[in-house]
Amino acid sequence: MFKLGVAVDEYCIVFTDDYKQHVLRHMAGNKVVERFLETAVDQCCDVSLSKSTMIDEFQFTDEEITLLVNASLITVRDIGSWWLAIPGAGIFMKTFIKGRQALLRAIRKAKYQEVLQQNLEERKIAAVAKLGMSYHIMDIIGAEFVTKIQTTSGWLLRLKE
């Protein structure tokens, strides 16, 4: 499990094997990265790591921790603690957030802040193009930014207060 953006309750679940394959595809042959995957990723059940855990339990030096930060395997949470991270996820997150914001902005501009899902799917919104309109619609429904209501004309998406 990984912490996504700045929101308190946004997390991403990734299978350990998929995560390891992704990391090794980007950084194969790096002994520190391989050791991190074998120790910290396999043994840690939390989304963050503390300095004492990294140094005392997993035996990483400050230089190795810096290398892991630079490799985007961990990101700074606070002084002396780090979030587990997915290398290369920044591009996805940027696209994801822009698409979500563009879709919510389109619903906010609609009359009564509601729109039929079918009408929304037909719109061409540039920021949504990379991940697809249905992906972002399912995201805002799942994140409970909108309420999905069945009408005689189809599903209506109403922005929550």
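Scroll up a little and you will see the structure.
Residues numbered from 1 in each chain as written. Predicted model: local features only at pLDDT ≥ 70, side-chain atom pairs only at ≥ 80, totals over all residues. Heavy atoms only, no water.

Q: Just give me the short version of the sheet that holds strand S5 (residues 81-84), but keep the residues and values in it.
A: The 3 strands lie next to each other as S3-S5-S4, forming an open sheet whose pairing is antiparallel. Each of the sheet's edge strands pairs with one partner strand only, and the pair in question is strand S3 (48-50) and strand S4 (74-78). With direction set aside, neighbouring strand axes in the sheet form an average angle of 35°. Pairing of S3 with S5, which is carried by 3 bridges, proceeds in the antiparallel orientation. From the neighbouring strand, Ser 48 faces S5, where its bridge partner is Trp 83. (Pairing = 2+ DSSP bridges. Helix = DSSP H or I, 4+ residues; strand = E, 2+ residues; numbered from the N terminus. Axes fitted to C-alpha atoms, helices over the stretch in contact; angles between N-to-C directions.)

Q: Run through the sheet that holds strand S7 (residues 146-151), naming residues and quoting values.
A: What the 3 strands build is an open sheet, ordered S6-S8-S7; its pairing is antiparallel. Each end of this open sheet is capped by a strand with a single partner; those strands are strand S6 (114-116) and S7. Averaged over all pairs of adjacent strands, the angle between strand axes in this sheet comes to 25°, irrespective of strand direction. Bridge count for S7 against strand S8 (residues 154-159) is 6 bridges, and the pairing is antiparallel. Looking at the pairing, Val 146 lines up with Leu 159 of S8. Along the sheet, helix H5 (residues 89-109) contacts S6, S7 and S8; its crossing angle with S8, the most-contacted strand, is approximately 95°. (Contact = heavy atoms within 4.5 Å.)

Q: Could you give an account of the packing of aromatic side chains, naming the residues involved and the relevant values?
A: Under the criterion given, the structure shown has 3 aromatic pairs. Ring centres of Phe 96 and Tyr 135 lie 6.3 Å apart, and the angle between their planes is 75°; this geometry places the pair in the edge-to-face category. Of the two residues, Phe 96 sits in helix H5 while Tyr 135 sits in helix H7 (residues 133-142), which places them 39 residues apart along the sequence. By way of ring pairs, the aromatic residues Phe 92, Phe 96 and Tyr 135 are connected into one cluster. Positioned over the ring face of Phe 60 is Arg 35, at 4.1 Å from the centre of the ring. (Phe/Tyr/Trp six-rings, centres within 6.5 Å; stacked < 30°, edge-to-face > 60°. Lys NZ or Arg CZ within 6 Å of the ring centre and 35° of its normal.)

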